[in-house]
Amino acid sequence: MKNLLTVKDLSLNEINKIFSLAAELKEKQKKGISHKILEGKTLGMIFAKSSTRTRVSFEAGIYQLGGQGIFLSSNDIQLGRGESISDTAKVLSRYIDGIMIRTFEQSDVEGLAQYGSIPIINGLTDLYHPCQALTDLFTVKEKKGELKGLKMSYIGDGNNMANSLLIACAKVGMDISIATPEDYKLNDKVIEAARIIAQNSGSQIQVLIDPLEAIKGSDVVCTDVWASMGDEDEAEERKNAFVNYQVNNEAMALANDDAIFMHCLPAHRGEEVTTGVIDGDQSVIFDQAENRLHVQKAIMAILIK
Ligand code: CP
Ligand code: NVA
């Protein structure tokens, strides 16, 4: 494992290794046991989009591991003025030990990995959000035990989260039903890749239009905002298109009684999820948000040498 560009590139062994190290680091942090395994290491954190969780959990995480994070807004570095991805990758590789990048194009993340000589971590693109999807499965594992045989449903936009959860569930053998409006389906290539992965893992994949059909019998119910970063201009149009894709009490009643509700956050209460559900007993959103820290510390510890 040299980079984390998408969950597609990880083997099941690598995913399990991330999860067990994350659990170990979480326990050490809770007990106040020092775990400065990246002493003297530096992580560059390039952001071309906003962030609360990713920014703070990576920066706090590298600090807790004994290293240091450098926040690089893409508006402040020359990348934002047209310096190439390849030159940026080559230059930064001379200074620091790893890069986390949040940006629009997946190809930019791949370009950094291609031209740089240090590990690259995808902190969200329009196509994928691997750190979040891995954290989500780690959280499900904590709450439910084994992942194989469980059913996740995802209701809403066929966006970066939907793509990443589909691939991640397929990898670990978890069943997943995704429901999106007709005009907001997932990327066809991602569905095709997930189906191939699922043939090996035994994961059952359903790609649907009907949200209630998807949610039926789920152990985990997930959703995400209707308009992702970059889609803000379409927010009003999307509110109409997604009106039947709200996770509310009626929808949750179709899931298993002990189902948990997850959301990567930030959430728009009253749109993709009601206040009753997101702030209710089945919601695990803050444990999920916390786990970004532990899972990403494991990812950094594995990648950065
Ligand atoms: N879930 C997530 O990535 O949140 P931020 O946009 O706040 O980083
Ligand atoms: N789909 C959302 C996820 C935010 C963490 C977005 O891309 O804005």
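Given the structure is predicted, the values throughout are model-derived calculations rather than measurements.

Rules used in this analysis
Residues numbered from 1 in each chain as written. Chains lettered and ligands numbered in written order. Predicted model: local features only at pLDDT ≥ 70, side-chain atom pairs only at ≥ 80, totals over all residues. Heavy atoms only, no water. Salt bridge = Lys/Arg side-chain N within 4 Å of Asp/Glu carboxyl O. Buried < 20%, exposed > 50% of the residue type's maximum accessible area, 1.4 Å probe, protein only. Pairing = 2+ DSSP bridges. Helix = DSSP H or I, 4+ residues; strand = E, 2+ residues; numbered from the N terminus. Axes fitted to C-alpha atoms, helices over the stretch in contact; angles between N-to-C directions. Near = heavy atom within 4 Å. Polar contact = N/O pair within 3.5 Å; in protein donor to acceptor, adjacent residues only side chain to side chain. Areas by Shrake-Rupley, 256 points an atom, 1.4 Å probe, with all protein chains shown as cover. Nonpolar A, V, L, I, M, F, W, Y, C, P; charged D, E, K, R; others polar. Contact = heavy atoms within 4.5 Å. Parallel < 35°, antiparallel > 145°, perpendicular 65-115°, else oblique. Left-handed = near helix turned anticlockwise from the far one by under 90°. Phe/Tyr/Trp six-rings, centres within 6.5 Å; stacked < 30°, edge-to-face > 60°. Lys NZ or Arg CZ within 6 Å of the ring centre and 35° of its normal. Expected span 1.5 Å × (residues − 1). Arc of directions from axis to C-beta.

**Remarks on the pattern of salt bridges**
Phase 1: Counting across every chain of the model gives 16 salt bridges.
Phase 2: In this structure, the salt-bridge partner of Glu213 is Lys216, at a minimum N-O distance of 3.1 Å.
Phase 3: By relative accessible area, Lys216 is classed as partly exposed at 43%.
Phase 4: A network of salt bridges, in which partner residues are shared, links Asp157, Asp231, Glu234 and Arg238.

**Some remarks on the sheet that holds strand β3 (residues 98–102)**
Phase 1: Taken together, four strands build an open sheet; the order of strands is β2-β1-β3-β4 and the sheet is parallel. At either margin of the open sheet sits one strand with a lone partner, and together these are β2 (68–73) and β4 (120–122). Between one strand and the next, the sheet's axes are offset by a mean angle of 20°, whatever the strand orientation.
Phase 2: Across six bridges, strand β1 (residues 42–47) lies against β2 in parallel orientation. Looking at the pairing, Ile46 lines up with Leu72 of β2.

**Some remarks on the site of ligand 1**
Phase 1: Residues in contact with ligand 1, as listed here, are Ser51, Thr52, Arg53, Thr54, Arg102, His129, Gln132, Cys264, Leu265 and Arg292.
Phase 2: Cys264 is positioned such that a nitrogen or oxygen atom in its backbone is 2.9 Å from a nitrogen atom of ligand 1.
Phase 3: Expressed as a share of its isolated accessible area of 250 Å², the protein-covered part of ligand 1 is 96%.
Phase 4: Looking at side-chain class alone, the shell around ligand 1 contains two nonpolar, five polar and three charged residues.

**So, the site of ligand 2**
Phase 1: Around ligand 2, the surrounding shell consists of Leu124, His129, Asn159, Asn160, Asp224, Val225, Ser228, Met229 and Leu265.
Phase 2: In the model, a nitrogen atom of ligand 2 is placed 2.7 Å from a nitrogen or oxygen of the Ser228 side chain.
Phase 3: The contact in question runs from an oxygen atom of ligand 2 to an N or O atom on the backbone of Met229, over 2.8 Å.
Phase 4: The protein chains hide 95% of the 270 Å² of surface that ligand 2 would expose on its own.
Phase 5: Partitioned by chemical class, the residues of the shell around ligand 2 number four nonpolar, four polar and one charged.

**Describing the environment of Arg292**
Phase 1: Counting through the fold element by element, Arg292 comes out in helix α12 (residues 285–303).
Phase 2: Spatially, the C-alpha atom of Arg292 lies 9.4 Å from that of Thr139, the residues being 153 residues apart in sequence.
Phase 3: Discounting residues that sit within four places of it in the chain, Arg292 has contacts with Arg53, Thr54, Ser57, His129, Cys131, Gln132 and Thr135.

**Description of unusual backbone geometry**
Phase 1: For the bond from Leu265 to Pro266, the omega torsion is 5°, close enough to zero to count as cis.
Phase 2: Examined against the element boundaries, Pro266 turns out to sit in the loop between β9 (260–263) and α11 (275–278).

**Observations regarding the packing of helix α3 (residues 85–95) against helix α4 (residues 106–115)**
Phase 1: Contact pair α3 / α4: the axes reach a minimum separation of 8 Å and the direction vectors enclose 50°. Viewed along their axes, α3 and α4 adopt a mutual orientation that is oblique. Taken as a pair, α3 and α4 cross one another with a handedness that is right-handed. Of the residues in α4, those in contact with Ile85, Ser86, Ala89 and Lys90 of α3 are Asp108, Gly111, Leu112 and Tyr115.

**Focus: the packing of aromatic side chains**
Remark: the centre distance and the inter-plane angle together describe each pair of aromatic rings, the angle taken between the planes.
Phase 1: This model, assessed by the stated rule, comprises five aromatic pairs.
Phase 2: Plain terms: the ring middles of Phe19 and Phe138 are 5.8 Å apart, the flat faces sit at 55° to each other, and that makes the pair tilted. Of the two residues, Phe19 sits in helix α1 (residues 12–31) while Phe138 sits in helix α5 (residues 130–144), which places them 119 residues apart along the sequence.
Phase 3: Residue Phe19 is classed as buried on the basis of its relative accessible area of 3%.
Phase 4: Three or more aromatic residues joined by ring pairs make a cluster, and in this case those are Tyr184, Trp226, Phe242 and Tyr245.
Phase 5: Across the ring face of Phe104, the terminal group of Lys49 is positioned such that the distance to the ring centre comes to 4.6 Å.
Phase 6: The aromatic ring of Phe71 is capped on one face by Arg55, whose charged end is 3.8 Å from the ring centroid.

**Observations concerning the pairing of strand β8 (residues 220–223)**
Phase 1: With burial as the criterion, each face of β8 is covered, one bearing Val220 and Cys222 and the other bearing Val221 and Thr223.
Phase 2: Pairing geometry for strand β5 (residues 151–155) and β8, over four bridges, is parallel. Bridge assignment links Met152 to a residue of β8, and that residue is Val220.
Phase 3: Here four bridges tie β8 to β9, and the two strands are oriented parallel to one another. The residue of β9 that forms the bridge with Val220 is Ile260.

**Some points on helix α2 (residues 53–64)**
Phase 1: The end-to-end C-alpha distance of α2, which contains twelve residues, comes to 16 Å, matching closely the 16 Å that a straight helix rising 1.5 Å per residue would cover.
Phase 2: Those residues of α2 not exposed but buried are Thr54, Ser57, Phe58, Gly61, Ile62 and Gln64. With its buried residues spanning 155° around the axis, α2 presents them on a single face. Residues of α2 that are exposed and point over 90 degrees away from its buried face: Val56 and Tyr63.
Phase 3: Trailing α2 by a residue or two, Gly66 shows a phi angle of about 95°, which is positive.

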